[in-house]
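Fold and contact review
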Amino acid sequence: MMNDKQKTGKLGEDLASDHLVKQQFTILEKNWRYGHLEIDIIAQNQKKIVFCEVKTRSSNKVLPPELAVTLQKQRNLIKAANHYLVTKQIQKEARFDIISILINGSSYQLNHIEDAFMPRW
């Protein structure tokens, strides 16, 4: 049985997936794992593959959800995405997005940040 935080997170990931499909993306994976690392959503269109981190909150009193994606979280996403691309032999351009969602009762506000961060070499 899921607790309230897990239910909120799942709802956010479902809303984010629906948003990406409306943007002409195909969802390849949800909650894809590489060891202890996880990518919330992996989607693609004709040209790009997108690795999405979804942050869902019922309040932004502390800070906006997208600011919870720390530098360490970005590094983990990049590491997992690299493994995914190599393992699946995908040659498309990769992009890292953050989708933040604020839920307020039965309504929500979705903010899709494309190219939110890039691998640093």
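Below: a short report on this structure. (Residues numbered from 1 in each chain as written. Predicted model: local features only at pLDDT ≥ 70, side-chain atom pairs only at ≥ 80, totals over all residues. Heavy atoms only, no water.)

**Observations concerning the environment of I99**
Inspection of the secondary structure puts I99 in strand β4 (residues 93-104). Once residues within four sequence positions are removed from consideration, I99 is found in contact with A16, H19, L20, C52, E53, V54, K55, L110, N111 and H112. (Helix = DSSP H or I, 4+ residues; strand = E, 2+ residues; numbered from the N terminus. Contact = heavy atoms within 4.5 Å.)

**Here we look at the packing of aromatic side chains**
Given two aromatic rings, their pairing is described by the distance between the two centres and the angle made by the two planes. Under the criterion given, the structure shown has 5 aromatic pairs. An aromatic cluster is built from W32, Y34, F51, Y84, F96 and F117, whose rings are joined through pairwise contacts. (Phe/Tyr/Trp six-rings, centres within 6.5 Å; stacked < 30°, edge-to-face > 60°.)

**What to know about the pairing of strand β1 (residues 26-34)**
As defined by bridge partners, β1 adjoins strand β2 (residues 37-44) across 7 bridges and the pair is classed as antiparallel. Bridged to E29 within β2 is I42. Once β1 ends, the chain turns through 2 residues before running back antiparallel as β2, passing G35 with a positive phi of about 65°. (Pairing = 2+ DSSP bridges.)

**A short note on helix α1 (residues 4-22)**
Because an α-helix completes one turn every 3.6 residues, residues spaced three or four positions apart along the sequence face the same direction. In a regular helix each residue adds 1.5 Å, so 19 residues correspond to 27 Å; α1 covers 27 Å between its end C-alpha atoms and thus fits that length. Of all the residues in α1, the buried ones are G12, E13, L15, A16, S17, H19 and L20. Tucked into the core, α1 has its buried residues touching β1, β2, β3 (48-57), β4 and β5 (107-117). Here α1 starts with a cap whose side-chain oxygen sits 3.1 Å from the backbone nitrogen of K5, and that cap is N3. A positive phi of about 75° marks Q24, the residue just after α1. (Expected span 1.5 Å × (residues − 1). Buried < 20%, exposed > 50% of the residue type's maximum accessible area, 1.4 Å probe, protein only. Polar contact = N/O pair within 3.5 Å; in protein donor to acceptor, adjacent residues only side chain to side chain.)

**Considering the pattern of salt bridges**
Counted by the stated rule, this structure contains 8 salt bridges. The partner of K73 in a salt bridge is E53, with the nearest N and O atoms 3.7 Å apart. Remark: E53 occurs in strand β3 and K73 occurs in helix α2 (residues 71-88); sequence separation between them is 20 residues. Taking the relative accessible area as the measure of exposure, K73 reaches 23% and is therefore partly exposed. Each of K10, D14 and K30 takes part in salt bridges that share partners, so that together they form one network. (Salt bridge = Lys/Arg side-chain N within 4 Å of Asp/Glu carboxyl O.)

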